[in-house]
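# Per-entry structural report
What follows is the residue order along each chain.
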Amino acid sequence: MAGRVDGKVALVTGGGSGIGRATALVFAREGAKVVVADIVVAGGEETVRLIKAAGGEAVFIKADVSKAAEVEALVKKTVETHGRLDCAFNNAGIEGEVAQTPNCTEENWDRTIAINLKGVWLCLKYEIPQMLKQGGGAIVNTASVAGLVGFQGTPAYVASKHGVAGLTKTAALEYAKAGIRVNAVCPGVIHTPMVERAFSASPQMAEAAIAMEPVGRLGKPEEIAEAVVWLCSDAASFVTGLPMVVDGGLVAR
Ligand code: NAD
């Protein structure tokens, strides 16, 4: 049976861990040739190994999404390798530090915005022209439930994710007639190394996070991956500009 993204070329940033790795694996399972990008070489290479072990096709390209030259080179190498770029999952991100708004350091603000928001914009900047040349494509940006509502103690993170939601809608409108769909995924609390780090810094946070989730558990990275690959597939051909909530009911409260 044909996969949902059979023969397509899919780029995943932050593909070396958590949601990005799970999504790279689902893209490959569904027939895509996957380009895994990450700033951490070991994680990216491990994702490629897992994809190949499962019979899929993948390559790793190191890139820091906050650096224009590296993102430009990433898209260029993807096209040199596979001739095109059909699906892009702009997912690399960091959690930043926890501090109330006046106590957020300038360094934390700048770093969080540079990776989570400027990084997504840079990806769009270089992916869209390539998709225009080919006559279309599908992009999913990783926002968050923190792109829809506020969370105390994470001003830079919340601002970055609200920014991603707005950027997604703007790019979707700009390129709707050109056959490029741009959507965002807004995960709830998903059990990944990012969340593990937060839990180890503050053990009470694990209980609080589960209590926030109406379904009574954390999400799994694979549950985000399925939504992303669906958004990138032709089954979602009339869906663009959507911040898609995949959160176990968190923002329904
Ligand atoms: P993770 O820490 O497991 O994975 C993030 C990956 O991004 C890592 O492999 C890391 O090396 C990479 N990365 C970080 N900075 C980078 C950079 N400058 N350039 C390239 N790669 C970089 O985290 P995750 O939980 O899988 O998060 C993935 C995305 O999902 C993030 O954007 C995060 O904000 C978002 N998100 C996560 C949750 C959650 O609960 N886990 C919820 C909502 C949104």
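Residues numbered from 1 in each chain as written. Predicted model: local features only at pLDDT ≥ 70, side-chain atom pairs only at ≥ 80, totals over all residues. Heavy atoms only, no water.

### Some thoughts on the overall build of the chain
Where we set the bar: Helix and strand definitions follow DSSP, with helices as H or I runs of at least four residues and strands as E runs of at least two, each counted in order from the N terminus. In this description the radius of gyration comes from C-alpha coordinates, and the expected globular size is given by 2.2 Å times residues to the power 0.38. The contact definition used throughout considers only heavy atoms, calling two residues in contact when any of these lie within 4.5 Å. Surface accessibility in these figures is a Shrake-Rupley result with a 1.4 Å probe; residues are shielded only by whichever protein chains are displayed. Asp and Glu count as negative and Lys and Arg as positive, but His and the ends of the chain are not part of the count. Taken as the charge location is NZ of Lys, CZ of Arg, CG of Asp or CD of Glu.
The helix and strand tally for the chain stands at 8 helices and 7 strands. Compactness check: the chain gives a C-alpha radius of gyration of 17 Å against a globular reference of 18 Å for 253 residues, within 12% of the reference. Counting only C-alpha atoms and orienting by the principal axes, one finds that the chain spans roughly 45 × 35 × 35 Å. Put simply, of all contacts in the chain between residues at least 6 apart along the chain, 72% involve residues at least 24 apart. Put simply, the chain shows about 11500 Å² of open surface, and 58% of that area lies on carbon and sulfur atoms. In the chain, 24 side chains carry a positive charge and 26 a negative one; their mean positions are 5 Å apart.

### A word on the site of the ligand
What counts here: We call a residue near a molecule or strand whenever a single non-hydrogen atom of that residue lies within 4 Å of it. Polar contact is defined as a pair of N or O atoms within 3.5 Å, subject to the rule that within protein one atom must be able to donate a hydrogen and the other to accept it, and that residues adjacent in sequence are counted only when both atoms are side-chain atoms. Note that Gly is not counted as nonpolar here; it falls among the polar residues with everything else outside the nonpolar set of Ala, Val, Leu, Ile, Met, Phe, Trp, Tyr, Cys and Pro and the charged set of Asp, Glu, Lys and Arg.
Around the ligand, a shell composed of 30 residues is seen, among which Ser-17, Asp-38, Tyr-157, Ile-190 and Thr-192 lie nearest. Interatomic distance of 2.8 Å between a backbone N/O atom of Ile-19 and an oxygen atom of the ligand. One nitrogen or oxygen atom from the main chain of Gly-188 is found 3.4 Å from an oxygen atom belonging to the ligand. When its residues are assigned to classes, the shell around the ligand shows 16 nonpolar, 10 polar and 4 charged.

### Some words on the nonpolar core
As a reminder of what qualifies: For the purposes of this section, nonpolar cores are sets of buried Ala, Val, Leu, Ile, Met, Phe, Trp, Tyr and Cys residues that join through side-chain atoms within 4.5 Å. Working definition: with a 1.4 Å probe on protein chains only, accessible area under 20% of the residue-type maximum means buried, over 50% means exposed, and in between means partly exposed.
Counting 31 residues, the largest nonpolar core has Phe-27, Val-34 and Phe-89 as its most contacted members. Among the elements of the structure, β1 (9–13), α1 (18–29), β2 (33–38), α2 (41–53), β4 (87–90), β5 (137–142) and α8 (221–232) are those that each provide at least two residues to this core. Per-element tally for this core: the top contributor is α8, with 7 residues. Non-local contacts of Val-34, meaning those with residues more than four positions away in its chain, are made with Ala-10, Val-12, Ala-24, Phe-27, Ala-28, Ile-51, Glu-57, Ala-58 and Val-59. Core analysis: the second largest hydrophobic core is formed by 30 residues, Leu-11, Ile-94, Val-120 and Ile-180 among them.

### What about the side chain of Lys-161?
Here Lys-161 lies in helix α5 (residues 155–175). Filtering out sequence-adjacent residues up to four positions away, Lys-161 remains in contact with Asn-116, Thr-142, Ala-143, Ser-144, Ala-146 and Gly-147.

### Describing the sheet that holds strand β7 (residues 243–246)
Test applied: Only strands that DSSP links by at least two bridges are regarded as paired with each other. Simply put, an axis is a line fit to the C-alpha atoms, just over the touching stretch for a helix, and the angle between two N-to-C directions goes from 0 to 180 degrees.
The parallel open sheet is built from 7 strands, whose spatial order is β3-β2-β1-β4-β5-β6-β7. Bordering the open sheet on either side are β3 (57–62) and β7, each of which pairs with just one other strand. Averaged over neighbouring strand pairs, the angle between their axes works out to 20 degrees when direction is ignored. As defined by bridge partners, strand β6 (residues 180–187) adjoins β7 across 4 bridges and the pair is classed as parallel.

### Points about a negative patch on the surface
Cut-off, in case you're wondering: Residues enter a patch when their relative accessible area is above 30% and they make no salt bridge; the linking distance is 9 Å between like charges and 5 Å between nonpolar side chains (Val, Leu, Ile, Met, Phe, Trp, Tyr). Think of a salt bridge as a Lys or Arg side-chain nitrogen and an Asp or Glu carboxyl oxygen that are within 4 Å of each other.
Together, Glu-97, Glu-106, Glu-107 and Asp-110 make up a region of like negative charge exposed at the surface. Within the fold, Asp-110 resides in helix α4 (residues 106–134).

Without other data, these values stay purely geometric and don't point to any function.
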